[in-house]
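# Commentary on secondary and tertiary structure
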Amino acid sequence: MLFADADLTLLFYHALDRPRDFKNKVFWITGASSGIGEYLAYVLAKDHAKLILSGVNVERLKAVKERCIAISGCGEEDILLVPFQIEKFEKHDECVEKVLDHFGQIDVLVNNAGISQRADFADIDIEVDQHLFNVNVFGTVNLTRKVLKHFLKRKKGHVVVTSSVAGKIGAPYSSAYTGSKHALHGYFEGLRSEMVEENIDVTLVCPGPVFSLITDRCVTGKLGEQYGHKQQPTDKKMKTERCSDLMATAIAHKLDECWISLQPVLFVVYLAQYIPSTFKTLLLKLLFNKQRAMKIRQGR
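What you see is a predicted model; the values in this text were computed from it and never measured.

### Considering the pairing of strand β1 (residues 26–29)
In β1, alternate side chains face the same way, and those of V26 and W28 on one face and F27 and I29 on the other are all buried. Pairing of β1 with strand β2 (residues 50–53) involves four bridges; the strand directions are parallel. From the neighbouring strand, F27 faces β2, where its bridge partner is L51. In this fold, the crossover linking β1 to β2 by way of helix α2 (residues 35–46) has right-handed handedness. When β1 meets strand β4 (residues 108–111), the two strands line up parallel, connected through three bridges. Bridge pairing in β4 links I29 to V110.

Below is the structure:
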């Protein structure tokens, strides 16, 4: 357990090393221009999936597409770029229509778009909370509802959501981000309970600190202000390739939820899950003074 970098169920399935049956399945990845979304696209391309890549940075999406083609040898038509801002709800119908016009189906929706945040609770303007929820929660929920109609017609589908370990425990000094990730669990656990008889699966993925531009683009308690943190190659964070590979295994086996993180964060999640009262009353005070908490979050 002390050397694990994912929950034991996920590691068990990953150790089986079975071929992932993604050939010709259509995956739509939001937040695909960098980080976990980008590297998940590479993993899926290797497994011969067809891809829709969405994000805001069109040039980055083009670069990801080119690398996917180089990796897999697939054709241009097997990877569709649909750039849009996830919080622009009015664009969602148009994007779904564009995807279905091109591929005729969607097999897996990977809700990966999101932004992070750092600030003391008392110093956060409510506009920041609203912005975080529009991007991390309501954009994801609204797009999922649009795609869900397609899944229900086909009587099959798979919704994947990139949450965070902050969706399982209260990450200090980023309450808006933590709140948005907890909200995702509420929405999508509710969806899972409704889809029991519909042959539609829901997978919640909870990564810890991972090398990703999401930390470099982190906002503060003031709208439009960036935190200014720059990750370093020496940071103790999970490699993006490893996180995406484990995530692909969770998708392949349709796991309800998985945790992906280096230690000690993974161990902390286990403590919070299985001895919650002790964790909250005793261990939390030992683990999370401000300086230690920020170092853990930054991988330092």
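Moving on from the coordinates now.
### Examining the sheet that holds strand β3 (residues 79–81)
Taken together, seven strands build an open sheet; the order of strands is β3-β2-β1-β4-β5-β6-β7 and the sheet is parallel. Of all strands in the sheet, those with a lone pairing partner are β3 and β7 (257–260), marking the two edges. With direction set aside, neighbouring strand axes in the sheet form an average angle of 15°. Sheet topology note: the strand β5 (residues 157–162)/strand β6 (residues 200–207) ladder contains six bridges and is parallel. Bridging from a neighbouring strand, G157 pairs with I200 of β6. Each of β4, β5, β6 and β7 touches helix α6 (residues 175–194); the most contacted strand, β6, lies at about 160° to it.

### Considerations on the packing of α2 against helix α8 (residues 240–252)
Following both chains from N to C, one finds α2 and α8 inclined at 65°, their axes separated by 8 Å at the closest point. Of the two possible hands of crossing, α2 and α8 adopt the one that is right-handed. Counted together, G35, I36, Y39, L40 and V43 of α2 and T240, E241, C243, S244, D245, M247, A248 and I251 of α8 form the full contact between these two elements. In terms of residue class, the contact of α2 with α8 is built from eight nonpolar, three polar and two charged.

### A word on α2
Spanning 12 residues, α2 covers 17 Å between terminal C-alpha atoms, matching the ideal 16 Å at 1.5 Å per step. Of all the 12 residues making up α2, 10 are buried; the element is thus mostly covered by neighbouring parts of the structure. Along α2, the positions that sit buried rather than exposed are G35, I36, G37, E38, L40, A41, Y42, V43, L44 and A45. Looking at the buried side of α2, the elements it contacts are β1, β2, α3 (58–72), β4, β6 and α8. H48 sits one or two positions beyond α2 and adopts a positive phi of about 65°.

### Considerations on the nonpolar core
Ranked by internal contacts, the top residues of the largest apolar core, which has 41 residues, are W28, I52, F151 and F188. In this structure F188 touches N111, T140, V141, T144, V159, V161, V202 and L204, once residues within four positions along its chain are discounted.

The rules behind these values
Residues numbered from 1 in each chain as written. Predicted model: local features only at pLDDT ≥ 70, side-chain atom pairs only at ≥ 80, totals over all residues. Heavy atoms only, no water. Buried < 20%, exposed > 50% of the residue type's maximum accessible area, 1.4 Å probe, protein only. Helix = DSSP H or I, 4+ residues; strand = E, 2+ residues; numbered from the N terminus. Pairing = 2+ DSSP bridges. Right-handed = clockwise from strand over helix to strand, strands pointing away. Axes fitted to C-alpha atoms, helices over the stretch in contact; angles between N-to-C directions. Contact = heavy atoms within 4.5 Å. Left-handed = near helix turned anticlockwise from the far one by under 90°. Nonpolar A, V, L, I, M, F, W, Y, C, P; charged D, E, K, R; others polar. Expected span 1.5 Å × (residues − 1). Core = buried A, V, L, I, M, F, W, Y, C linked by side-chain atoms within 4.5 Å.

No statement about biological role is implied by the geometric values presented.
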